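Structural overview for review
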Amino acid sequence: MSATATGTIGGATQASGAKHTVTMIAGDGIGPDVAWATKEILAAAGASVDWEDRIAGKEAFDAGYDTGVMPDTLESLARTRVALKGPLATPVGDGGKSANVTLRKLFEMYGNIRPCKELPNVIGPFAGRGIDLIVVRENVEDVYAGIEHMQTPGVAQCLKLISHKGCEKIIRLAFELSKAQGRKKVHCATKANIMKLTEGYLKRVFETVAPEYPEFESEHIIIDNCCHQLVMNPEQFDVIVSTNMNGDIVSDLTSGLVGGLGIAPSMNIGDDAIMFEAVHGTAPDIAGQDKANPTALLLAAVMMLRHFKDFKTADTIEHALYVTLEASIFTGDIAAGRPAVGTKKFTETLIANLGRKSAKLIDRGYSPIEMPKVSTAPDLVKAPKRRDIGVDIFIESGMLPMEFGTAIEKVTTGAALKLKNISNRGVQVWPTAVAAFDGVDHYGCRFFADPRGSEVTDEHICDLINLLCGAGFRWMHMEKLIEIDGQAAFAKAQGES
Ligand code: NAD
C-alpha cells in the first residue's frame, strides 16, 4: 500500500452527488439496530451511498476466523476504502484478537478522531457550556501494539513502542484536521514527565512540527492535568492530540462530558482506508429491544458524508437531529427521567424533521482533511553517530538484592563489561540499598564497557551472557544501551546516579 493524499480515499475527490460505495459492517448486539436506523435516515436524506453489507465480530469468530473479520469483509474494504461500522463483540482474556483492532491495523488507520460536542437538550453536568472539542488519538502504536511477554511466572511485560514516524503522522493529522474544521488551538497531551523517551517523543515532535502551523495556538500539557482541566474547564480545549492509550482514555472521558457513548462518533483514518464508527460497544443489555440510540453511528455517517464532500446532506441530517432533540424526542440513554422513545420512533421522527433547521447548530465551514505526507521508508530517522556502550540484562532470581548483586559482580569479574548497578522494577537496589525493599524476581543488571565509554561489541555481550548462564543465572530479556549523537539513549533507574 502506498501513501496518498486523503482526498483520494474512497473516492473523496469525486464530485458532490456522485455515488459512493461503502462497506457496511452492522456488527453485534445493538449494531443491527443502529445500522438500520442510519441507513434509513441517509436514504431519506438522499445520500448517494451504495452499501456493501459485510460481517465482522461474533459471527466471524464463530466461523473460526481468529481475526474476527471475514475475508470478504477485508476484500470489500480494500476495494471501497471506506467503511461504516457498528460495534463488535471482543472476546475477553484468551482467544481471538479484537476485530476492531484487526481492521485498524491491517489498513494502518493510524489516526482515531473523536469529536465531542454538546447536543441540544441532553442533560449532563456540563450542559450549556458549549463543549465542542476533538481528540486525535494515535491508533496503532504504543502499548496497543500488543507486544507482551511473561518475563517470569510472576512478572508480565508490555512493550510501549513509539516511533518518530508515528508521532509525526498523528501530529500533522491533528493540525490538518484543525485546518479543515477552522479550529484554533491544539494541545499535545502526554506523560512526558515520566516516560521521557516514549511519551516525550510525541512532545518533542509536536514542538518541532507546530511552528509549521503558526496559525494555531499550540501547547503541551501533561495528560493527568489535561484530564483534570477537562473536568474543571472543558471549554478551553479545541483539539487534543495524544498517544494511543492516553488518547483512548481521554476520549472516553470527553464522551462522558457531553452525554455518553450513545452520542459519540469516531473515525479511523489512514492513507489507504477510512472507517467511521460509533464509539460505544454492543450494549448486550439492550440489544434487540428497540432501545438503542442510533445518534453515535448517525453522526459517524455525517462525518463520512463530509469526507465525501457531501456537505449539504450532512448538514440536513445534523439539523434534523438537533430539531428532534430540541423537541425532546430521545432514546432512554439520554432521556434522564424524561419520556423516552424507541430506536424506530426516534428514527421516524428524525426522518420527518429532514429539511427543518435548528438555530442552535453552528456551521463550522467543514472542508476535507488534507492527509499529511510522511515518507513510507521504514528507516526515516538516521543518526549521524551511534554507539553501543553497554547492556541491560534482565535476570530472574529469588535472591535478595545485596546477595544477588555480589553474586553477579563476582561471576562477571574480568568480563569486557562491568556491572554498574541493579534495579528491580525500575528502582536501583544495588550497589546502594533501598530503604524498604519489596521487590520481585526480576532484576535489571546494567553493564557498561570497561573502561567506561569504550565501544561494546556483540561478542562482548555474548561472552557476558555465557558467564551468567554458566553460573546458573536465568536471563529473559536484554536491551543494548546506546548513545545517539553523544547522548545516552536510555532511561536511568530511580536512584541511579
Ligand atoms: P457498551 O458501550 O456496549 O455499553 C455500556 C453501557 O452503555 C450499557 O449500559 C449500554 O446499554 C449503554 N449503551 C452503549 N451504547 C448505547 C447506545 N447506542 N444506546 C443506548 N445505550 C447504549 O460497553 P461494554 O458493555 O463495556 O461492552 C460490551 C461489548 O462491546 C464488549 O464485547 C466490548 O468488547 C464491545 N465493545 C466494542 C466496541 C467497538 O466495537 N468499537 C467498543 C466498546 C466495546
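Throughout this description, residue numbers start from 1 for each chain and increase along the sequence as written. Given that this is a predicted model, residues contribute local features only at a pLDDT of at least 70 and side-chain atom pairs are listed and counted only at 80 or more, while totals for whole chains, interfaces and linings are drawn from all residues. Hydrogens and water are ignored here; the side-chain numbers use all heavy atoms of the structure.

Thoughts on the pairing of strand 13 (residues 386–396)
Of all eleven residues making up strand 13, eight are buried, and the element is well covered by its neighbours. Bridge count between strand 13 and strand 17 (residues 474–484): ten bridges; the pairing is antiparallel. Residue pairing for strand 17: Ile393 is matched across the bridge by Met478. Note that strand 13 and strand 16 (residues 443–449) share six bridges and pair antiparallel. Following the sheet pairing, Ile393 is matched in strand 16 by Cys445. Accessibility here uses a 1.4 Å probe with only protein chains present; expressed as a share of the type maximum, an area under 20% marks a residue as buried, one over 50% as exposed, and anything in between as partly exposed. By definition, any uninterrupted DSSP run of H or I lasting at least four residues is a helix, any uninterrupted run of E lasting at least two residues is a strand, and each is numbered from the N terminus. A pair of strands is treated as paired once DSSP finds two or more bridges between them.

Focus: the confidence of the model for the chain
pLDDT runs from 0 to 100 and stands for how confident the predictor is about each residue. Mean pLDDT for the chain: 93, with 96% of residues reaching 70 or above. Two residues qualify as a contact provided that any one of their heavy atoms is within 4.5 Å of a heavy atom in the partner residue. Throughout residues 1–8 the model reports pLDDT below 50, and contacts reaching past four residues in sequence, or to other chains, amount to 24 contacts.

As for empty space enclosed by the protein
Site definitions follow a grid-based scheme: protein atoms alone, a 1 Å grid, a 1.4 Å probe that fits but cannot get out for cavities, and for pockets an open set with protein on both sides within 12 Å along at least five of seven lines, plus lining residues having an atom within 4 Å of a point. Grid points are joined across faces, edges and corners, and a volume is the space filled by probe spheres set on the points. In total, this model carries four cavities of 30 Å³ or more according to the counting rule given. The volume enclosed by the largest cavity comes to roughly 430 Å³. As for the largest cavity, its lining consists of 29 residues, of which Pro115, Gln181, Met303, Arg306 and Tyr366 are closest to the centre. Residue assignment for the lining of the largest cavity shows that the elements contributing at least two residues are strand 4 (111–117), strand 5 (132–138), strand 11 (265–269), helix 9 (295–307) and helix 10 (311–326). Of the residues forming the lining of the largest cavity, the biggest block, five residues, is contributed by helix 9. Each residue is assigned to one of three groups, with Ala, Val, Leu, Ile, Met, Phe, Trp, Tyr, Cys and Pro labelled nonpolar, Asp, Glu, Lys and Arg labelled charged, and all others, Gly among them, labelled polar. When its residues are assigned to classes, the lining of the largest cavity shows 20 nonpolar, four polar and five charged.

Details of the site of the ligand
Taken together, 21 residues are adjacent to the ligand, and Leu88, Asn100, Gly281, Ala283 and Asp285 come closest. Pairing of N or O atoms within 3.5 Å defines a polar contact, subject to two protein rules: one partner must be a possible hydrogen donor and the other a possible acceptor, and residues neighboring in sequence count only if both atoms are side-chain atoms. The backbone of Leu88 places a nitrogen or oxygen atom 2.8 Å from an oxygen atom of the ligand. Gly281 places a main-chain nitrogen or oxygen 2.7 Å from an oxygen atom of the ligand. All accessibility values rest on the Shrake-Rupley procedure with a 1.4 Å probe; residue burial counts only the protein chains present in the view. Protein burial of the ligand: of its 820 Å² of free accessible surface, 67% is covered by the chains. Any residue with a heavy atom lying within 4 Å of a molecule or strand is counted as near it.

Side note on the state of the cysteines
In plain terms, two cysteine sulfur atoms within 2.5 Å form what is called a disulfide here. Per the counting criterion, the structure on display carries zero disulfides. The thiol of Cys116 is not disulfide-bonded; the next cysteine sulfur, from Cys226, is found 12 Å away. The exposure class of Cys116 is buried, given its relative accessible area of 3%. Of all cysteine sulfurs, the one in Cys167 lies closest to Cys188, which takes part in no disulfide; the gap is 8.3 Å. Residue Cys188 is classed as buried on the basis of its relative accessible area, which comes to 0%.

Some points on the side chain of Thr190
By secondary structure assignment, the location of Thr190 is in strand 8 (residues 185–190). We classify Thr190 as buried; its relative accessible area is 0%. A polar contact of 3.0 Å, which involves the side chain of Thr190, links it to the backbone nitrogen of Ala192. Within the local environment of Thr190, its side chain forms a polar contact with the side chain of His220, the two groups lying 2.6 Å apart. Leaving out residues up to four positions away in the same chain, Thr190 has contacts with Glu199, Leu202, Lys203, His220, Ile221, Ile222, Ile223 and Asn246.

Things to note about helix 10
Expected span of a helix, by definition, is 1.5 Å for each gap between consecutive residues, and there is one gap fewer than residues. For helix 10, built from 16 residues, the straight-helix expectation of 22 Å at 1.5 Å per residue is met to within 8% by its first-to-last C-alpha distance of 22 Å. Buried within helix 10 are the following residues: Thr313, Ala314, Ile317, Glu318, His319, Ala320, Leu321, Tyr322, Val323, Thr324 and Leu325. One or two residues past the end of helix 10 sits Ser328, with phi positive at roughly 60°.

A word on the packing of helix 9 against helix 10
The axes are straight lines fitted to the C-alpha atoms, using for helices just the contacting stretch, and the angles between their N-to-C directions are given from 0 to 180°. Orientation of helix 9 relative to helix 10, taken along the N-to-C sense of each, is 155°, at an axis distance of 8 Å. One finds that helix 9 runs roughly antiparallel with respect to helix 10. The two elements helix 9 and helix 10 meet at a crossing, and its hand is left-handed. Across the interface between the two elements, Thr295, Leu298, Leu299, Val302, Leu305 and Arg306 from helix 9 touch Phe311, Thr313, Ala314, Asp315, Ile317, Glu318 and Leu321 from helix 10. Its residues assigned to classes, the contact of helix 9 with helix 10 comprises eight nonpolar, two polar and three charged. For classification purposes, angles smaller than 35 degrees are called roughly parallel, those larger than 145 roughly antiparallel, those between 65 and 115 roughly perpendicular, and all remaining angles oblique. Whether a crossing is left-handed or right-handed is set by the direction in which the near helix is turned from the far one by less than a right angle, anticlockwise for left-handed and clockwise for right-handed.

Quick notes on the domain arrangement of the chain
Where each domain begins and ends is defined by an automated method or by a domain database. Splitting the chain by domain gives domain 1 (8–131 + 258–371) and domain 2 (386–488). Using C-alpha coordinates to define each centre, domain 1 is positioned 52 Å away from domain 2.

Examining the sheet that holds strand 18 (residues 487–488)
Spatial ordering of the open sheet is given by 15-14-16-13-17-18, a layout of six strands whose pairing is antiparallel. Bordering the open sheet on either side are strand 15 (427–430) and strand 18, each of which pairs with just one other strand. Packed on one face of the sheet, helix 13 (residues 401–412) meets strand 13, strand 14 (417–424), strand 15 and strand 16 and runs near 70° to strand 15.

Re helix 5 (residues 164–180)
End to end, helix 5 covers 24 Å across 17 residues, agreeing with the expected 24 Å (1.5 Å per residue, within 8%). Within helix 5, 14 of the 17 residues are buried, which leaves the element mostly enclosed by the surrounding structure. Looking at the residues trailing helix 5, positive phi occurs at Gly182, about 60°.

Remarks on the packing of aromatic side chains
In summary, the pairing rule links any two rings of Phe, Tyr or Trp, Trp by its six-membered ring, whose centres are within 6.5 Å, and it sorts them by plane angle into stacked for under 30 degrees, edge-to-face for over 60 and tilted for everything else. Tallied over the entire structure, the rule returns six aromatic pairs. Summarising the aromatic geometry, the rings of Phe404 and Tyr443 are spaced 4.3 Å apart at their centres and angled 20° between planes, so their arrangement reads as stacked. Of this pair, Phe404 sits in helix 13 while Tyr443 sits in strand 16; the two residues are 39 residues apart in sequence, bridging distant segments of the chain. For the residue pair Phe404 and Tyr443, the accessibility class agrees, reading buried in each case. A connected cluster of aromatic rings, assembled from ring pairs, spans Phe175, Phe206, Tyr213 and Phe216. Charge-over-ring placement is defined geometrically: NZ (Lys) or CZ (Arg) within 6 Å of the ring centre, and within 35 degrees of the ring normal. Directly above the aromatic system of Phe448 lies the positively charged group of Arg452, at a separation of 3.7 Å from the ring centroid.

A few points about the environment of Arg79
Its location among the elements puts Arg79 in helix 3 (residues 71–80). Judged by relative accessible area, Arg79 falls into the partly exposed class, the value being 44%. Each C-alpha atom of the pair Arg79 and Thr21 lies 9.2 Å from the other, and the pair is 58 residues apart in sequence. If we ignore the near neighbours within four places in the chain, the residues touching Arg79 are Glu52 and Arg54. Polar side-chain contacts of Arg79 include one of 2.8 Å to the side chain of Glu52.

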